[in-house]
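# Chain and residue survey
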Amino acid sequence: AFVFNEINFDNHEQVVFASEAKSGLKAIIAIHNTKLGPAMGGCRMWNYATEAEALRDALRLSRGMTYKNAVAGLPIGGGKSVIIANPKTDKTPALFEALGEALERLSGRYITAEDVGTSPSDMAYVAGKTKYVAGLGDRGDPSPFTALGCFVGAQAAVKHHLKRDSMEGLVVALQGLGHVGYDYARQLHAAGAKLIVADIDQASLKRAQEELHAEVVGINEIYDVQADIYAPCALGATLNPDTLSRLKAKIVAGAANNQLATADMGEVCRQKGILYAPDFVINAGGIIKVCYEYMNTPEDGMDAHVRRIGETLAEVFARADSEGLPTSVVADRIAEARFKN
Ligand code: NAD
């Protein structure tokens with residue numbers, strides 16, 4: 001009763017529980033779907049309260065990767081792994097080597113990468129034991145590609161919803177000036193948008209004020225400002241009944257994962273006339289970069305591939321209108337048409 005009736009168990013092909021006593025490794029590797037290619041998705045390290053919680057996370061995240069990778073037009077499937085341990089206190093080389101050995105046994109059906117709680121330096125230990133690890137950081141950070149995808153995605157949303165070809169003069173409420181958010185903000189500023197920003201990091205805020213003439217508001221005020229676009233680039237679940245009753249923006253276009261607190265928030269956006277760029281479509285620039293790098297695909301086509309996120313979103317928006325469906329549902333269907341038999 002513990003595994004197969006899990007809410008997130010959704011035709012997962014294979015779920016592997018890997019443990020090794022010497023290093024203390026306790027990991028769950030969830031391979032959701034490999035129809036389009038080997039499963040790719042990061043390795044999360046988290047001090048889960050229970051094993052059930054870890055399993056739930058692995059199942060949910062791996063399924064999400066199938067959808068993201070399929071919509072991005074990549075020749076990979078979806079998977080994810082989680083290590084049950086505290087990333088602040090439990091990291092050792094042996095732990096990541098043991099994970100590498102577990103991946104090696106899967107013969108490439110799953111390729112890992114860094115994620116929340118893990119870093120490129122941790123992945124270097126994994127790489128000591130297996131070649132099935134991507135995004136080692138030796139050829140650069142994926143964040144600028146995620147930011148580029150967000151920018152072209154925002155352009156597509158503006159064109160569709162506001163019938164405008166330019167960002168000039170539009171106001172963007174941007175939450176989170178991190179690796180992705182700051183780069184995205186820079187592109188918006190260069191395109192003539194006005195920025196209102198929030199972050200918990202004072203240095204990033206100061207830099208955005210000085211370099212991008214951004215207006216700074218508090219982390220809770222960002223939902224109330226008068227803006228055309230809301231760009232969540234920090235936390236998940238920021239589209240919920242509370243924030244959706246407060247947002248003035250008519251477009252949501254940001255990098256954060258899992259923006260919808262619950263799936264039905266997609267329909268709430270639609271009813272409120274808010275055009276939501278589905279998170280897993282707009283934030284795929286990073287995985288596109290990681291996939292090209294891992295597969296040694298010539299990188300001259302990569303920029304164009306990331307820019308196709310804009311075209312994909314235009315298709316999602318048009319179908320959502322003609323079918324009267326939330327954009328989130330349309331994006332799911334586009335993915336499913338590609339990976340389901
Ligand atoms: P990051 O850690 O570099 O940046 C996050 C920023 O948000 C930081 O500046 C942090 O101070 C700020 N922040 C934290 N709590 C906040 C709050 N309550 N209000 C406002 N700001 C807050 O992370 P990142 O790599 O830029 O990723 C941002 C988001 O995009 C995450 O949700 C991530 O999962 C998602 N994402 C990132 C990539 C990528 O390529 N890095 C790819 C896909 C999705």
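Our subject in this report is the structure included herewith. (Residues numbered from 1 in each chain as written. Predicted model: local features only at pLDDT ≥ 70, side-chain atom pairs only at ≥ 80, totals over all residues. Heavy atoms only, no water.)

This part takes up the overall build of the protein. On a plain count of helices and strands, the protein comes out with twelve helices and twelve strands. Taking 2.2 N^0.38 as the reference for a compact globule, 341 residues should give roughly 20 Å; the C-alpha atoms of the protein span a radius of gyration of 20 Å, in line with that estimate. Its C-alpha atoms put the protein at 60 × 45 × 40 Å along the principal axes. Counting the 341 residues in the protein, one finds 55% classified as buried. The long-range share in the protein, meaning contacts at least 24 apart out of those at least 6 apart in sequence, stands at 66%. Carbon together with sulfur atoms contributes 52% to the accessible area of the protein, which is approximately 14,700 Å² in total. (Helix = DSSP H or I, 4+ residues; strand = E, 2+ residues; numbered from the N terminus. Rg over C-alpha atoms; globule rule 2.2 N^0.38 Å. Buried < 20%, exposed > 50% of the residue type's maximum accessible area, 1.4 Å probe, protein only. Contact = heavy atoms within 4.5 Å. Areas by Shrake-Rupley, 256 points an atom, 1.4 Å probe, with all protein chains shown as cover.)

Right, let's get into the pairing of strand β1 (residues 14-20). For β1 and strand β2 (residues 25-33), the ladder comprises seven bridges, and the chain directions are antiparallel. The residue bridging Val16 from the neighbouring strand is Ile29, located in β2. Connecting the antiparallel pair β1 and β2 is a turn made up of four residues, with Gly24 showing a positive phi of about 85 degrees. (Pairing = 2+ DSSP bridges.)

Among the nonpolar cores identified, the biggest contains 68 residues, and Leu174, Tyr184 and Leu188 are the most heavily contacted of them. With ten residues, helix α4 (residues 143-162) is the largest single contributor of residues to this core. Both domain 1 (14-66 + 76-127) and domain 2 (143-339) contribute no fewer than three residues apiece to this core. Not counting chain neighbours up to four residues away, the residues in contact with Leu174 comprise Gly181, Tyr184, Ala185, Leu188, Ile196, Val197, Ala198, Ile222 and Ala231. If you look at the next biggest cluster of nonpolar residues, it comprises 21 residues, including Ala98, Leu106, Tyr110 and Val126. (Core = buried A, V, L, I, M, F, W, Y, C linked by side-chain atoms within 4.5 Å. Domains from an automatic or database assignment.)

In the vicinity of the ligand, 20 residues are found, and the nearest of them are Thr146, His179, Val180, Asp199 and Asn257. A distance of 3.4 Å is found between an oxygen atom of the ligand and a backbone nitrogen or oxygen belonging to Gly178. Between the ligand and His179, the relevant distance is 2.6 Å, taken from an oxygen atom to a side-chain nitrogen or oxygen of the residue. Coverage of the ligand by the protein chains reaches 73% of its 830 Å² of free accessible surface. Elements supplying a minimum of two residues to the shell around the ligand: α4 and α5 (179-190). Its residues assigned to classes, the shell around the ligand shows ten nonpolar, eight polar and two charged. (Near = heavy atom within 4 Å. Polar contact = N/O pair within 3.5 Å; in protein donor to acceptor, adjacent residues only side chain to side chain. Nonpolar A, V, L, I, M, F, W, Y, C, P; charged D, E, K, R; others polar.)

All right, on to the environment of Gly135 then. Within the fold, Gly135 resides in the loop between α3 (120-127) and α4. Sequence separation between Gly135 and Val290 is 155 residues, and the spatial gap between their C-alpha atoms is 5.4 Å.

All told, the structure shown has four aromatic pairs when counted by the stated rule. Following the ring pairs from residue to residue traces out a cluster consisting of Tyr67, Phe280 and Phe339. Sitting over the ring of Tyr182, Arg207 keeps its end group 4.0 Å from the ring centre. (Phe/Tyr/Trp six-rings, centres within 6.5 Å; stacked < 30°, edge-to-face > 60°. Lys NZ or Arg CZ within 6 Å of the ring centre and 35° of its normal.)

Time to look at the sheet that holds strand β8 (residues 194-198). Ordered in space as β9-β8-β7-β10-β11-β12, the six strands form an open sheet in which the pairing is parallel. The two strands at the open ends of the sheet, each matched to only one other strand, are β9 (215-216) and β12 (275-276). Both strand β7 (residues 171-175) and strand β10 (residues 229-232) contribute to a ladder of four bridges, which runs parallel. Note on β10: the bridge partner recorded for Ala173 is Tyr230. Across the sheet, α5 is in contact with β7, β8 and β10; its angle to β7 comes to roughly 170 degrees. (Axes fitted to C-alpha atoms, helices over the stretch in contact; angles between N-to-C directions.)

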